[in-house]
Amino acid sequence: NAGVTQTPKFQVLKTGQSMTLQCAQDMNHEYMSWYRQDPGMGLRLIHYSVGAGITDQGEVPNGYNVSRSTTEDFPLRLLSAAPSQTSVYFCASSYQGAGETQYFGPGTRLLVL
Amino acid sequence: GENVEQHPSTLSVQEGDSAVIKCTYSDSASNYFPWYKQELGKGPQLIIDIRSNVGEKKDQRIAVTLNKTAKHFSLHITETQPEDSAVYFCAASISSGNTGKLIFGQGTTLQVKP
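Parameters at a glance
- Residues numbered from 1 in each chain as written.
- Chains lettered and ligands numbered in written order.
- Predicted model: local features only at pLDDT ≥ 70, side-chain atom pairs only at ≥ 80, totals over all residues.
- Heavy atoms only, no water.
- Pairing = 2+ DSSP bridges.
- Helix = DSSP H or I, 4+ residues; strand = E, 2+ residues; numbered from the N terminus.
- Axes fitted to C-alpha atoms, helices over the stretch in contact; angles between N-to-C directions.
- Core = buried A, V, L, I, M, F, W, Y, C linked by side-chain atoms within 4.5 Å.
- Buried < 20%, exposed > 50% of the residue type's maximum accessible area, 1.4 Å probe, protein only.
- Contact = heavy atoms within 4.5 Å.
- Phe/Tyr/Trp six-rings, centres within 6.5 Å; stacked < 30°, edge-to-face > 60°.
- Salt bridge = Lys/Arg side-chain N within 4 Å of Asp/Glu carboxyl O.

All names here are of chain B. Pairing within the open sheet is antiparallel, and its five strands lie in the order β1-β3-β8-β7-β6. This sheet does not close on itself; its edge strands, each paired only once, are β1 (4–7) and β6 (56–59). Here the strands of the sheet are splayed against their neighbours by 15 degrees on average, with no regard to which way each runs. Sheet topology note: the β6/strand β7 (residues 62–67) ladder contains four bridges and is antiparallel. Bridge pairing in β7 links Lys 58 to Ala 63.

Put into structure tokens, the structure is as follows:
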């Protein structure tokens, strides 16, 4: 198993550009989530999904969209990037929900100029 | 909503000493409390977790304690080693079936000096 994979590893955007951060898992996990990590602020939940076709907002959802058309994939879309979205983004998955081991991907480092 | 506060933000200990990291949570309905370790350039990994029906759990040099009344839980690392140096995160969730959110604390950077 590859586990949780994220692409790209690093990305530079200009303000106003759009992009999609990819996340995939091959463990047949139902629950997937996106976090952003900023210095001194820990990991903050952006969006999460409890299964294909179901998504919900986390702590900091503004400026981000998600969809879950398959069990394996959970892409995160930035429609119009802002410098405040400069961060490291982590995708995580678990078998069923938040109350069990979360498996994190290696992260995507995003710089918005 | 759920809020998790973690202290200290940085912790430096000598090899062989103990390290303690503390977290408090706001929602009394929280019932799952994991701890994650993040090494440089990697994603966090679960090291230990505890559920609300248990007061303490131990795994070799790592232990977690939970005080539901005070809404407080702690990570204890004994006989620290240089490889324990990392960022540690606590988290809390209200889990009910296949749902719930996992809310993390701000993180503690632990440095173990040889």
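All names here are of chain A. If you trace the four strands from one edge of the open sheet to the other, you get β1-β3-β8-β7, paired in antiparallel fashion. The open sheet has two edge strands, β1 (4–7) and β7 (64–66), and neither has a second partner. On average, each strand axis in the sheet is inclined to that of its neighbour by 20 degrees, with strand direction left out of account. Relative to strand β3 (residues 19–25), β1 runs antiparallel, the two sharing four bridges. Looking at β3, one finds that Thr 7 is bridged to Gln 22.

Time to look at the nonpolar core. With 24 residues, the main nonpolar core has Trp 35, Phe 73, Leu 75 and Leu 110 of chain B as its most contacted residues. For this core, the secondary-structure elements that each account for two or more residues are β2 (10–14), β3 (19–25), β4 (32–38), β5 (45–51), β7, β8 (72–77), β9 (86–93) and β11 (108–113) of chain B. Among residues more than four places away in sequence, those in contact with Phe 73 of chain B are Ile 21, Lys 22, Cys 23, Tyr 25, Phe 33, Trp 35, Thr 65, Leu 66, Cys 90 and Ala 91 of chain B. Core analysis: the next-biggest nonpolar cluster, separate from the first, contains 18 residues, Met 19, Ile 46, Phe 74 and Val 112 of chain A among them.

Glancing now at the packing of aromatic side chains. Applying the stated criterion across every chain yields a total of 13 aromatic pairs over all chains. Between Tyr 35 of chain A and Phe 104 of chain A the ring centres are 5.9 Å apart and the planes differ by 45 degrees, which places this aromatic pair in the tilted class. Residue Tyr 35 of chain A is found in strand β4 (residues 31–38), and its partner Phe 104 of chain A is found in strand β10 (residues 103–104); the two are separated by 69 residues along the sequence. Ring plane angle 50 degrees and centroid distance 5.0 Å describe the contact between Phe 33 of chain B and Phe 73 of chain B, whose orientation is recorded as tilted.

A few words now on the pattern of salt bridges. For the structure on display, the rule yields six salt bridges over all chains. In this structure, Lys 37 of chain B and Glu 39 of chain B form a salt bridge, with 3.6 Å as the shortest nitrogen-oxygen distance. A relative accessible area of 16% places Lys 37 of chain B in the buried class. Owing to a relative accessible area of 34%, Glu 39 of chain B belongs among the partly exposed residues under this scheme. Note that Arg 61 of chain B is salt-bridged to Asp 84 of chain B, the shortest N-O span being 2.9 Å. Taken together, the positions of Arg 61 of chain B in the loop between β6 and β7 and Asp 84 of chain B in the loop between β8 and β9 put the pair 23 residues apart, joining distant regions of the chain. Judged by relative accessible area, Arg 61 of chain B falls into the partly exposed class, the value being 22%. A relative accessible area of 7% means that Asp 84 of chain B is categorised as buried. The network of salt bridges with common partners includes Arg 36, Asp 38 and Arg 44 of chain A.

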